[in-house]
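Each chain, written out:
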Amino acid sequence: MIRWLLLLLLAAGPALAVGDPADQLPNPAQEERARVIGRELRCMVCQNQSIEDSDADLARDLRRIVREQVAQGKPDEAVLTFVHERYGDFVLLKPPFKAATALLWGMPAIALLGGALLIRGMRRRQRVASGPPELTQAERDRLAQLSGRLRE
Amino acid sequence: MSEVAPNPEAAAWRRRALLLAPLAAAGLGGAGFYAMLRGLGTGDYDPRGVPSALIGKAPPDFSLPPLDGTGLPGLSAADLRTGTGKPLLVNFFASWCAPCVIEHPQLMRLAREGVGIMGVAYKDKPADSLGFLRQRGTPYARLGVDQPGRVAIDWGLYGVPETYLLDKGGIIRWRMAGPVTEEILAQQVTPLLRRYA
């Protein structure tokens, strides 16, 4: 039963908030462009959704602005810049790379490097530790005795 | 188990560091957490807060019609840029916004103290805005009506109330997203008004 429900969940597509056909552009190519742009923009009210996915009033206003500008023939970059100038870095779901965001972008590389160093350190210690233990004096004497006996 | 160079002194240091490192990390974490909680209490730290992109800039170009019945002039960018030689506040509000009711007494107090407050009625029916101001008083020197909410987007507004502080040269210096409570008034607005006077 649970398995079926999970399968059902997987089959469900993402629900897009632009349900109102009046808000969509008549030109499907332009509408697709507007959606791609909208998915790059964070809804400032709900913060974890793009404006395409959000039901908030402000998200709807921004969707309209994006569509207006796309219909006017503005390039994608210009539309994103328009919103970025007003709402700052936070509105971009993919923040720009600069000094303030260097740590954010660098974190995966830093984590990978840290992990690699950790693994190397552990391997090295293991190699040192797992060498055969040295023989004690008694064992060495016994070995000499045995090999002497073999040679006889 | 045999170490390469079992230097007893180094080993002792290492053991001590291994013991102290988690303690130090926990101490630092605790201090950070305490600072965060304190900030949440006083309103200095808001985890959902977003800095305004307009800080350090002049206000965007706009022109808003007046609210009939108030007798106040409308509001445009020119009114903010000429500057009165004093810092001023721009306050976005709506009659349907509950936190706006909370901050209203603070705005009234500032107005009584002679601080220039410019109002923008955001996405509100004019009759409702008028009723709101008639009931609670009008702290505004000028008042623009932004029913479609387009000018608000030029300001980077993402909810009401929002309050912006402009220095005497008309540059935006501070933005509060949320109500100007008594604490915010005492700890932030009043010192900022003094600093940018």
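Residues numbered from 1 in each chain as written. Chains lettered and ligands numbered in written order. Predicted model: local features only at pLDDT ≥ 70, side-chain atom pairs only at ≥ 80, totals over all residues. Heavy atoms only, no water.

Peer 1: Can you explain the confidence of the model for chain A? Please cite residues and give values.
Peer 2: Within chain A, residue pLDDT values average 85, and 86% of them lie at 70 or more. When pLDDT is averaged over each helix and strand of chain A, the minimum, 65, is found for helix α1 (residues 2-11) of chain A and the maximum, 95, for helix α4 (residues 76-87) of chain A. (pLDDT = per-residue confidence, 0-100. Helix = DSSP H or I, 4+ residues; strand = E, 2+ residues; numbered from the N terminus.)

Peer 1: Give a detailed account of the domain arrangement of chain B, specifying residues and quantitative values.
Peer 2: Segmenting chain B into domains produces domain 1 (1-42) and domain 2 (63-195). Using only C-alpha atoms to locate each centre, domain 1 of chain B and domain 2 of chain B end up separated by 49 Å. (Domains from an automatic or database assignment.)

Peer 1: How would you summarise the interface of chain B and chain A if you had to cite specific residues and measurements?
Peer 2: In this complex, chain B contributes 20 residues to the contact, which on the side of chain A involves 20 residues. Of the roughly 1600 Å² buried where chain B meets chain A, counting both sides, 51% is carbon and sulfur surface. Scanning the region where chain B abuts chain A turns up four salt bridges. In this structure, B:R150 and A:E68 form a salt bridge, with 2.8 Å as the shortest nitrogen-oxygen distance. Counting every contact that joins chain B to chain A gives five residue pairs in polar contact (both at pLDDT 80 or more). Across the side of chain B that touches chain A, the residue classes tally to twelve nonpolar, two polar and six charged. (Contact = heavy atoms within 4.5 Å. Buried area = accessible area lost by both parts, 1.4 Å probe. Salt bridge = Lys/Arg side-chain N within 4 Å of Asp/Glu carboxyl O. Polar contact = N/O pair within 3.5 Å; in protein donor to acceptor, adjacent residues only side chain to side chain. Nonpolar A, V, L, I, M, F, W, Y, C, P; charged D, E, K, R; others polar.)

Peer 1: Let's hear about the packing of aromatic side chains: which residues, and what values?
Peer 2: Residue and element names in this part refer to chain B. In total, this model carries seven aromatic pairs over all chains according to the counting rule given. An angle of 70° between the planes, with centres 5.9 Å apart, marks the rings of F62 and W155 as edge-to-face. Placement of F62 in the loop between α1 (8-42) and β1 (63-64) and of W155 in the loop between α5 (150-154) and β6 (162-166) is noted, with a sequence separation of 93 residues between them. Look at F62 and you get buried, because its relative accessible area is 8%. With a relative accessible area of 1%, W155 lands in the buried category. (Phe/Tyr/Trp six-rings, centres within 6.5 Å; stacked < 30°, edge-to-face > 60°. Buried < 20%, exposed > 50% of the residue type's maximum accessible area, 1.4 Å probe, protein only.)

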